[in-house]
Amino acid sequence: MARTPPATKSRRPKRRRALLTGAALAVGALSTALALAACSGGSGSPAAPPRIDMPQQLGAPEGRLDLVAWTGYAENGSNDRKVDWVTPFTRATGCKVNTKVADTSDSMVALMKTGRYDGVSASGDASLRLVYGGLVAPVNTGLISSYGDIAGYLKNQPYNSVDGRMYGVPHGYGANMLMYRTDKISQRPTSWSVVWDEKSPAAGHVVAYDSPIYIADAALYLKAHRPDLKITDVYALDDEQFDAAVGLLKRQRPNVNQYWANYLDELQSFKSGYNYAGTAWQVTANLAMAERSPVATTIPDEGATGWSDTWMVSSKAQHPTCMYKWMNWITTPKVQAEVAQWFGEAPANPKACGFTAKGFCSTYHVGDPGFYKRLAFWKTPVKDCGDDRGDKCVDYSRWAQAWTQIKG
């Protein structure tokens, strides 16, 4: 059962993430694949990232900062005058912030390719594309005052580092949890079979995340229930493993009544009783419970996928000192608390819990490495399997192509 959530209803962002669909997504995925191919060796696996120097010391602030960010990550009071950590940052540093809100990871990659932005709040399904495409630079963590306070299990991960070099500063993270209507499913589900089994009580009322990366959720289920496939990494699937995951998703398709890209759309469907069970973020459950909807969340026995966002510095940053100042600011405990509560996520800096509402950090499992280890965090699928299979894995372009076929 979910713990009692803090009062987050008034803190939800007015704008939110949405996923590209159809041809637009396929085009974005194809361009991504081409970018990865351009920096691959003859074997088809990613070569080492381009050598990009990082600063050893900071200069004077340049007076401007241009960001690409998820909505809710750089609030300046325009959505809610009580929610503003950008204005105090400008007062403290002299860096005026201009934020371009991106709705998708593909959009973030495309925007960073323009070279017009100093930094980006990248999720794991975009970060490696940025690194291997030479679009972001390694980060000198010694210049980040709060870096030592950030949870160790968020550092040096496959989605934010390469060869021991950090390519960003962890920001916040969350699980793609199983949410269900307690009036429709009386027993807490212990398995994701509630969304995959055609005889499930949720059949015909399943909700799923609208993105190629959702293929990893199918792989996660198969990892536990099809040991013969020998899946170890749900983002590194060879042809047999990938085909099995796609097959599972195609069999699930008739039971899915909503693919959600906008978590507030999913919220409305759960509140109305249209959805019985499916993938959701904890913030969605908090908002539903705050409005007395009969829902609960759980992490089933198979675990779950998840996302961990990282602030990354453009390799072409025109205002690098302001970007480093921003990363210093955004990782301080008080600001981390403000962002986490507004957006609905676990802050990377556990000291933020000293500034959050009562119960918030327990709801989001802040500082709980055991919970973190149960999650398979998004990362960009590439041909290099990362093991003795070599370049036998299915890259992101094929994930995107398969997703359009799955949805029909």
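In short, a report on the structure. (Residues numbered from 1 in each chain as written. Predicted model: local features only at pLDDT ≥ 70, side-chain atom pairs only at ≥ 80, totals over all residues. Heavy atoms only, no water.)

## Structural notes on helix α9 (residues 282-290)
- Within α9, seven of the nine residues are buried, leaving the element largely enclosed by the surrounding structure.
- Burial in α9 covers these residues: Gln282, Val283, Thr284, Ala285, Asn286, Leu287 and Ala288.
- Close packing links the buried residues of α9 with β8 (177-181), α8 (263-272), β11 (277-280), β12 (295-298), α11 (333-343) and α12 (360-363).
- A positive phi of about 65 degrees marks arginine 292, the residue just after α9. (Buried < 20%, exposed > 50% of the residue type's maximum accessible area, 1.4 Å probe, protein only. Helix = DSSP H or I, 4+ residues; strand = E, 2+ residues; numbered from the N terminus. Contact = heavy atoms within 4.5 Å.)

## A closer look at the pattern of salt bridges
- Counting across every chain of the model gives twelve salt bridges.
- Between aspartate 239 and arginine 398 there is a salt bridge, with the nearest N and O atoms lying 3.1 Å from each other. Residue aspartate 239 is located in helix α7 (residues 239-252), and its partner arginine 398 is located in helix α14 (residues 396-407); the two are separated by 159 residues in the primary sequence.
- Within this structure, Asp238, Asp387 and Arg389 form a network of salt bridges that share partners. (Salt bridge = Lys/Arg side-chain N within 4 Å of Asp/Glu carboxyl O.)

## Notes on the state of the cysteines
- Scanning the model with the defined rule gives three disulfides in all.
- Covalently, cysteine 385 is tied to cysteine 393 through a disulfide, its sulfur atoms 2.1 Å apart. Taking the torsion about the S-S bond as the criterion, the cysteine 385 to cysteine 393 disulfide, at about 115 degrees, is right-handed.
- Residue classification places cysteine 385 among the buried residues on the basis of a relative accessible area of 8%. (Disulfide = S-S within 2.5 Å.)

## Some words on the pairing of β8
- With respect to burial, β8 is a largely interior element, five of its five residues being buried.
- Where β8 and β11 come together, four bridges link them in antiparallel fashion. The residue of β11 that forms the bridge with methionine 179 is glycine 278.
- In terms of strand pairing, β8 meets β12 through four bridges, oriented antiparallel. (Pairing = 2+ DSSP bridges.)

## Comments concerning the packing of α7 against α14
- It is at 10 Å that the axes of α7 and α14 come closest, and there the two elements cross at 25 degrees. When the interaxial angle is binned, α7 and α14 end up roughly parallel. In the packing of α7 onto α14, the handedness of the crossing is right-handed. Contact residues: α7 offers Asp239, Phe242, Val246, Leu249 and Lys250, while α14 offers Arg398, Trp399, Ala402, Trp403, Gln405 and Ile406.
- Of the residues in the contact of α7 with α14, the class split is seven nonpolar, one polar and three charged. (Axes fitted to C-alpha atoms, helices over the stretch in contact; angles between N-to-C directions. Parallel < 35°, antiparallel > 145°, perpendicular 65-115°, else oblique. Left-handed = near helix turned anticlockwise from the far one by under 90°. Nonpolar A, V, L, I, M, F, W, Y, C, P; charged D, E, K, R; others polar.)

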